[in-house]
Amino acid sequence: MTLQLDILQSLGIAIIALVLGNLAKNKFSFLKTFFIPSPVIGGLIISILVLILKETKIASVEFDKILQDFFMNIFFTAIGLSASFSMLKKSGVLGLKLALAIIILLPLQNLIGVGLAKIFGINPLHGIAMGSTSMTGGIGSAISFGKIMEKMGAESNITIGVAAATFGLLAGSLVGGPTARRLIAKNNLQSKGALSRDTLADIKAITNQKTLTKAIIIIGLAAFLGTFINKILAKTGLNFPYYVGCQFGGLIVRNVYDFIKKPIDMDNIDLVGNISLSLFLSLALINLNISAILTLAGPMLVIMLAQAIFIAIYTSLVTFNLLGRDYDAAVMVAGHCGVGLGQTPNAMANMEAIIEEKGPADASMFIFPIVLAIAVNFTNPIVITFFINHFS
């Protein structure tokens, strides 16, 4: 028997998954410690139940995927709207060096994934899924590019990428702190103290129907612009995910706002983006084909451990030295490990843990998220696309 759920039924199951994830996260502290997203937790629970139903021949469940793509594109549009070139300029030379360290890592992660995939005799596209696609890109990137790679013959690439990204969420928290602490102790580094809070003040916007509607209008128009950018990208002959055009639409709108010196309400835009991300992840995770992971469990584990060891070495030798070998550099090493294996929350939590123990690093906390939004979100899709087209 096949249960084919429509758009609202699929959304309802995704919301149940989100609720289950929140309940599990509140009950089990280690899920909070490693910043495992609630949609991932709940989505895995539902996908396991779906697998049990299928294996016991009770029912095969099929979900509608229209809303999954919709929420994904809205989220990445919101990410694009956070990419302010004027803010990046304020971060100065240090910001450019951090961007360079982040960008250099991306192809190296893919080379590790592809190289080990060939050694194990598996599809090199699976190696890319376990490279910067899932490591630096995270779950959203793994799903988006996984669709493209599956069409190229890499079966269950989405599942493999999501599994790799989930491993990264755990590893990002486990690797970052110890790596930074070792650098601080070895080089006897000290905090330079807090900077003036006036220059770093973050004025929170009010959230109500008017401000939320305005944020939705800005995101909607930026995504609309992105649809035309996608048509231009299609002419390159390369396989870009649809969300890339939406990201660039957000980028253009944000920097037009900056150019005409008109403020943009990022608090409410982030709110809409984060809600969209949660629903997107829930819808994506309930569709996971968990049984496909088992056939690649051994190679996956080796590749994931190799990625974790490599980033600890890379950030110690490259990121730390590029950023000046001082206390702020060590704090940003913790952040780079967090985002290079997990996601932005891992990065910021790693940095905050160091700061809480060793003292303020306000320059790092100001520069890192700004540079990250631009360096990762707009270069990683290009790097991944290059590797996919080369190894397909």
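Numbering of residues starts from 1 in each chain and follows the order in which that chain's sequence is written. Where local features are concerned, this predicted model is filtered to residues with pLDDT of at least 70; where side-chain atom pairs are given and counted, the filter is 80 or more; whole-chain, interface and lining totals use all residues. Side-chain descriptors were evaluated using all non-hydrogen atoms of the structure, hydrogens and water having been removed beforehand.

A word on the domain arrangement of the protein chain
Frequently, the measure chosen for interface size is the accessible area removed from exposure when the parts meet. How far each domain reaches was decided by an automatic or database domain assignment. Under the domain assignment, the protein chain is made up of domain 1 (2–193 + 279–391) and domain 2 (209–278). A straight line from the C-alpha centre of domain 1 to that of domain 2 covers 21 Å. The contact criterion used throughout is that any non-hydrogen atoms of two residues lie within 4.5 Å. Opposite the 33 residues of domain 1 that make contact, domain 2 presents 30 residues. A pair is scored as a salt bridge if a Lys or Arg side-chain nitrogen falls within 4 Å of a carboxyl oxygen belonging to Asp or Glu. Linking domain 1 with domain 2 are zero salt bridges, by the criterion used here. Pairs of N or O atoms within 3.5 Å make up the polar contacts considered here, provided that, within protein, one atom can donate a hydrogen while the other can accept it, and that residues adjacent in sequence are counted only when both atoms are side-chain atoms. The tally of links between domain 1 and domain 2 comes to 14 residue pairs in polar contact (both at pLDDT 80 or more). Here a helix means four or more residues in a row that DSSP labels H or I, a strand means two or more in a row labelled E, and each is numbered from the N terminus. Contributing elements (two or more residues each) for the side of domain 1 that touches domain 2: α4 (66–81), α5 (85–90), α8 (138–151), α13 (266–285) and α18 (362–391). Polar here means any residue other than Ala, Val, Leu, Ile, Met, Phe, Trp, Tyr, Cys and Pro, which are nonpolar, and Asp, Glu, Lys and Arg, which are charged; Gly is therefore polar. Tallied by class, the residues present in the side of domain 1 that touches domain 2 amount to 21 nonpolar, 12 polar and no charged.

Topic: the nonpolar core
Nonpolar side chains in soluble globular proteins generally cluster together in the buried interior. We call a set of buried Ala, Val, Leu, Ile, Met, Phe, Trp, Tyr and Cys residues a nonpolar core when their side-chain atoms join them within 4.5 Å. Working definition: with a 1.4 Å probe on protein chains only, accessible area under 20% of the residue-type maximum means buried, over 50% means exposed, and in between means partly exposed. If you look at the biggest cluster of nonpolar residues, it comprises 55 residues, and the most contacted ones within it are L98, M130, Y327, F368 and V371. Within the residue set of this core, elements represented by two or more residues are α6 (92–120), α9 (157–187), α15 (297–322), α16 (327–341), α17 (344–358) and α18. Take this core: its biggest share by element is 10 residues, from α16. Leaving out residues up to four positions away in the same chain, M130 has contacts with I122, M135, I160, A164, M300, I303, M304 and Q307. Among the nonpolar cores identified, the runner-up in size contains 49 residues, and F63, L67, V383 and I388 belong to it.

Brief notes about α18
Each helix should span, by expectation, one fewer than its residue count multiplied by 1.5 Å. The end-to-end C-alpha distance of α18 is 42 Å, a good match for the 44 Å that 30 residues give at a rise of 1.5 Å each. Taken across its 30 residues, α18 has 21 buried, putting it largely inside the fold.

Here we look at α13
Residues spaced three or four apart along an α-helix face the same direction, because each turn holds 3.6 residues. Helix length check: α13 (20 residues) gives 27 Å between terminal C-alpha atoms against 28 Å at 1.5 Å per residue, within 8%. Of the residues flanking the start of α13, the one acting as N-cap is D265, its side-chain oxygen 3.3 Å from the backbone nitrogen of D267.

A look at the side chain of Q307
Take Q307: it is sitting in helix α15. Those residues in contact with Q307, other than ones at most four positions away along the chain, are Q109, I112, G113, M130, G131, M135 and L341.

What to know about the packing of helix α3 (residues 38–55) against α13
Orientation is described by lines fitted to C-alpha atoms, with helices fitted over the stretch in contact, and by angles between N-to-C directions that extend from 0 to 180 degrees. Interhelical geometry of α3 versus α13 gives an angle of 20° and a closest axis separation of 8 Å. With respect to each other, α3 and α13 are oriented roughly parallel. The handedness of the crossing between α3 and α13 comes out as right-handed. Between α3 and α13, the residues in contact are P39, V40, G43, L44 and S47 and S278, L281, S282 and L285, respectively. In this scheme, roughly parallel covers angles under 35 degrees and roughly antiparallel covers those over 145, while 65 to 115 is roughly perpendicular and the rest are oblique. Crossing chirality is assigned from the near helix's rotation relative to the far helix, an anticlockwise turn below a right angle marking it left-handed and a clockwise turn marking it right-handed.

What about unusual backbone geometry?
Positioned with a positive phi, N188 is a non-glycine residue whose angle comes to about 50°. Looking at where N188 falls in the secondary structure, it is placed in the loop between α9 and α10 (197–200). Of note in the backbone geometry, K261 takes a positive phi value of approximately 55° without being a glycine. Residue placement: K261 occurs in the loop between α12 (242–259) and α13. Residue classification places K261 among the exposed residues on the basis of a relative accessible area of 73%.

Details of the packing of aromatic side chains
Stacked, tilted and edge-to-face are the three classes assigned to paired rings of Phe, Tyr and Trp, where Trp is represented by its six-membered ring and a pair needs centres within 6.5 Å; plane angles under 30 degrees give stacked, over 60 edge-to-face, the rest tilted. Tallied over the entire structure, the rule returns nine aromatic pairs. Relative to F71, the ring of F70 has its centre 5.3 Å away and its plane inclined at 65°; by these criteria the two rings are edge-to-face. Summarising the aromatic geometry, the rings of F386 and F387 are spaced 5.7 Å apart at their centres and angled 85° between planes, so their arrangement reads as edge-to-face. Residue classification places F386 among the exposed residues on the basis of a relative accessible area of 54%. Here F387 falls in the buried class, since its relative accessible area comes to 6%. Each residue in the set F75, F76, F145 and Y243 is aromatic and connected to the rest through ring pairs, giving one cluster.

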